[in-house]
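Structural overview
Next come the chains, spelled out residue by residue.
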Amino acid sequence: SIFTVSLDKKSLQLMIAEGAKNITVPIGVGIAGGVATSGESVNIPDAYADDRFDPSHDKKTGYKTDSILCQPIQDTSGEIVGVMQVINKSDGPFTPDDEEV
């Protein structure tokens, strides 16, 4: 999934995701919102064991999020303009090599 920072810089808006739409996340809230604030990548092997994870989207869709890799997207000046989030790697948790992509 790709989230972009809103013009007022208060939220992330989902732009690209398979099977999801109309999702807005406040900056600083949840996993993607936290990455947008900190600028740090997170690699979560068990989403439900992480307090930042909001399972409400899983409940609405019937999908089960297991693992998450979430990284900031920066422009050439280093400003965070979005967040990339990948979920459920097919062959286990995300690795340090995945973080380098």
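Look above for the structure.
In every chain, residue numbers begin from 1 and rise along the written sequence. Per-residue local features of the predicted model are confined to residues with pLDDT of at least 70, and side-chain atom pairs are confined, for both listing and counting, to 80 or more; whole-chain, interface and lining totals are unaffected and use all residues. The basis for every side-chain value is the complete set of non-hydrogen atoms in the structure, without hydrogens or water.

Moving on, we get to the packing of aromatic side chains. Two aromatic rings from Phe, Tyr or Trp, using only the six-membered ring of Trp, form a pair when their centres are within 6.5 Å; if the ring planes differ by under 30 degrees the pair is stacked, by over 60 it is edge-to-face, and anything between is tilted. Considering all chains together, one arrives at one aromatic pair under this definition. Pairing Tyr48 with Phe53 gives two aromatic rings, centres 5.0 Å apart and planes at 65°, and the pair type is edge-to-face. Residue Phe53 is classed as buried on the basis of its relative accessible area, which comes to 15%. Only protein chains enter the calculation, and the probe is 1.4 Å; a residue is then buried if its accessible area is under 20% of its type maximum, exposed if over 50%, and partly exposed in between.

Turning our attention to the nonpolar core. Among buried residues, the Ala, Val, Leu, Ile, Met, Phe, Trp, Tyr and Cys ones that are joined through side-chain atoms within 4.5 Å form a nonpolar core. If you look at the biggest cluster of nonpolar residues, it comprises 17 residues, and the most contacted ones within it are Phe3, Leu12, Ile31, Ile68, Cys70 and Val83. Going through the elements one at a time, strand E1 (2-5), strand E2 (11-16), helix H1 (30-38), strand E4 (42-44) and strand E5 (68-74) are the ones with two or more residues in this core. To qualify as a helix, a DSSP run of H or I must reach at least 4 residues; to qualify as a strand, a run of E must reach at least 2; elements of each kind are numbered from the N terminus. It is H1 that contributes the most residues to this core, four residues altogether. By definition, residues are in contact when any of their heavy atoms lie within 4.5 Å. For Leu12, the contacting residues outside a window of four places in its chain are Phe3, Thr4, Val5, Ile23, Thr24, Val25, Ile27, Ala32, Gly33, Ala36 and Val83.

Those residues of H1 that fall on the buried side of the exposure criterion are Ile31, Ala32, Gly33, Val35 and Ala36. If you follow the buried residues of H1, they end up packed against E1, E2, strand E3 (24-26), E4, E5 and strand E6 (80-87).

Purely geometric numbers; function is a separate question.
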